[in-house]
Amino acid sequence: MYHMLVTDIDGTLLDSEGKVPEETKKILAILREKRGFITTIATGRMLARAESIAREIMINAPLICYNGALIIDIYTRHRILERPIPAGKLMELIKLLKEWGYEVIIYENETIKVERFNERTRWYINECESIECNVVNDMIDYVKQKDLSSYKVFAVGDVSKAVKVPAELLSKLEEDFEVSLADQSHMEVNLKGVSKGSAVKFLADAFKIDSTEVITIGDGYNDVSMLKYAGLGIAMGNAAEHIKGYAKYITLTNCENGLLNIVNKFIVPQEKISLEDLR
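Per chain, the residues get numbers from 1 upward, laid out in the order the sequence is written. The model is predicted, so local features are restricted to residues of pLDDT at least 70 and side-chain atom pairs to those at 80 or more, both for listing and for counting; the totals for chains, interfaces and linings are taken over all residues. As a convention, hydrogens and water are excluded, and side-chain values are obtained from all of the structure's heavy atoms.

A few words now on the side chain of Ser195. Labels follow the DSSP assignment, with helices taken as runs of H or I lasting at least four residues and strands as runs of E lasting at least two, numbered in each case from the N terminus. Mapped onto the elements, Ser195 comes out in the loop between strand 11 (186-191) and helix 7 (196-206). We call two residues in contact whenever any of their non-hydrogen atoms come within 4.5 Å of each other. Not counting residues within four places of it along the chain, the set of residues in contact with Ser195 comprises Asn67, Gly68, Arg83 and Ser225.

This is the structure:
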């Protein structure tokens, strides 16, 4: 029997218009109120971009953001677990990424820092909607002077076409960091051991829930660790084939009520909830 459901946001919880379908909100309410489910979100997004969605679906467990580098109770503001990249490691990481031609994005107090405005950084800034962005002329010096840590680093590659991250660079990074590819050309980099999977395990342990009782749902590279951890790791129909290979089940796409399909198949197979029931 399942007792906990953890979902990704982009490409999973949100539809093609970037909204949470009303049916999805109602399904999650049924799971919480009638089935006693613990429901929350695990996302690579920063807190400032994830909290409103978490509140919209009324999560009843701490929010996992920055790919697991921050676990926070959004209702009390208590930061339960923080695992940022410390200043020393952060400077080494920035230097390596710049040597390989990447634009580096770091995070400070829910703002983003870039070294310059260009096609690559503007692409990322646009993705972050209304988040405050500041230009730092020398990022390594900035980190050093402020002894700054960052929950994660986003490395922006080519935005005009899908260019794979060099295998040599990936190998170097994985010695000290967790790396998730983003659209093939880009990377999300966290401290070694920090992942959605480790964060979901932390919460499950806190709630005394076994991994076999956990359902996780995602569609991206940064979801793989939690798909592997959960008793039922589910990939969205719109996920890349590589991601689907780690899932125990593949549901419909984020535009086809994939969550309803999951609930009917694994949680209420005898009752079956229809779309009409949710309207």
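Below, the discussion takes up the pairing of strand 12 (residues 214-218). To sort residues, take the accessible area from a 1.4 Å probe on protein chains only and compare it with the maximum for the residue type: under 20% means buried, over 50% means exposed, and anything in between is partly exposed. Along strand 12, five of the five residues are buried, which leaves the element largely enclosed by surrounding structure. The two faces of strand 12 match: Val214, Thr216 and Gly218 on one face and Ile215 and Ile217 on the other face are all buried. Strand pairing is defined by DSSP finding a minimum of two bridges between the two strands. Taken together, the four bridges between strand 1 (residues 4-7) and strand 12 define a ladder with parallel strand orientation. From the neighbouring strand, Val6 faces strand 12, where its bridge partner is Thr216. Note: strand 12 against strand 13 (residues 232-235), four bridges, orientation parallel. Within strand 13, the position partnered with Gly218 by the bridge is Ala235. Note that the unit made of strand 12, helix 8 (residues 224-229) and strand 13 has a crossover that is right-handed. Crossovers are described as right-handed under a simple rule: with the strands pointing away from the observer, the path leading from the first strand over the helix to the second runs clockwise.

The aromatic pairing rule takes the rings of Phe, Tyr and Trp, using the six-membered ring of Trp, and pairs them if the centres are within 6.5 Å, calling planes under 30 degrees apart stacked, those over 60 edge-to-face and the rest tilted. The tally for this structure, following the rule as stated, stands at six aromatic pairs. Ring geometry for Tyr66 and Tyr151: centres 4.7 Å apart, planes at 35°, overall tilted. Here the residue Tyr66 occupies a position in the loop between strand 3 (63-65) and strand 4 (70-72), and Tyr151 occupies one in the loop between helix 5 (139-146) and strand 9 (153-156), the gap between them amounting to 85 residues. The exposure class assigned to Tyr66 is buried, which follows from its relative accessible area of 0%. Since its relative accessible area comes to 12%, Tyr151 is described here as buried. Arranged with centres 4.6 Å apart and planes meeting at 35°, the rings of Tyr124 and Phe154 form a pair that is tilted. Placement of Tyr124 in helix 4 (residues 119-127) and of Phe154 in strand 9 is noted, with a sequence separation of 30 residues between them. Judged by its relative accessible area of 7%, Tyr124 falls in the buried class. A relative accessible area of 7% means that Phe154 is categorised as buried. Cluster of aromatic residues (ring-pair linked, three or more members): Tyr66, Tyr107 and Tyr151.

On to the layout of surface pockets. Put simply, the largest pocket is a space of about 840 Å³. Buriedness of a pocket was judged along seven lines, with at least five required to meet protein on both sides within 12 Å; pockets are open sets of points on a 1 Å grid over the protein atoms alone, cavities are sets where a 1.4 Å probe fits but cannot get out, and lining residues have an atom within 4 Å of a point. What lines the largest pocket is a set of 32 residues, among which Asp10, Glu127, Ala182, Asp183 and Glu188 lie closest to the centre. When residues in the lining of the largest pocket are grouped by element, the largest group, four residues, is from helix 4. Residue composition of the lining of the largest pocket, by class: 13 nonpolar, seven polar and twelve charged. Grid points are joined across faces, edges and corners, and a volume is the space filled by probe spheres set on the points. Polarity classes work like this: nonpolar for Ala, Val, Leu, Ile, Met, Phe, Trp, Tyr, Cys and Pro, charged for Asp, Glu, Lys and Arg, and polar for all others, with Gly in that last group.

The next point concerns the pattern of salt bridges. Pairing is possible between side chains that carry opposite charge, provided their charged atoms lie close to one another. Salt bridge criterion: a side-chain nitrogen from Lys or Arg within 4 Å of a carboxyl oxygen from Asp or Glu. Scanning the model with the defined rule gives 20 salt bridges in all. Residues Asp8 and Lys196 are paired through a salt bridge, measuring 3.0 Å at the closest nitrogen-oxygen approach. On the criterion of sequence distance, the pair formed by Asp8 in the loop between strand 1 and helix 1 (22-35) and Lys196 in helix 7 is long-range, its members being 188 residues apart. The pair Asp8 / Lys196 is uniform in exposure class, with both members buried. Salt-bridge contacts for Lys113 lead to Glu108; the nearest nitrogen and oxygen are separated by 3.6 Å. Among the residues examined, Glu108 registers a relative accessible area of 9% and is labelled buried. If you follow the salt bridges from partner to partner, you end up with Lys98, Glu103, Glu115 and Arg116 in one network.

What counts as an axis is a line fitted to C-alpha atoms, over the stretch in contact for a helix, and the angles between N-to-C directions run from 0 to 180 degrees. At a minimum axis distance of 9 Å, the contact between helix 3 (residues 87-99) and helix 5 shows a crossing angle of 175°. Classed by the angle they form, the pair helix 3 and helix 5 counts as roughly antiparallel. In this structure, helix 3 uses Ala87, Leu90, Met91, Ile94 and Lys95 to contact helix 5, whose residues at the interface are Met139, Ile140, Val143 and Lys144. When its residues are assigned to classes, the contact of helix 3 with helix 5 shows seven nonpolar, no polar and two charged. Oblique is the label for every angle not falling under 35 degrees (roughly parallel), over 145 degrees (roughly antiparallel), or within 65 to 115 degrees (roughly perpendicular).

A few words now on the nonpolar core. Throughout, nonpolar core names a set of buried Ala, Val, Leu, Ile, Met, Phe, Trp, Tyr and Cys residues whose side chains join them through atoms within 4.5 Å. If you look at the biggest cluster of nonpolar residues, it comprises 52 residues, and the most contacted ones within it are Ile41, Leu63 and Ile112. Tallying contributions element by element places helix 10 (residues 258-267) first for this core, with five residues. Not counting residues up to four positions away in its chain, the partners in contact with Ile41 are Val6, Thr7, Ile9, Leu13, Ile53, Ala54, Ile57, Ile59, Leu63 and Ile64. Grouped together as the second largest cluster of nonpolar side chains are 25 residues, Leu90, Leu93, Val165 and Phe177 included.

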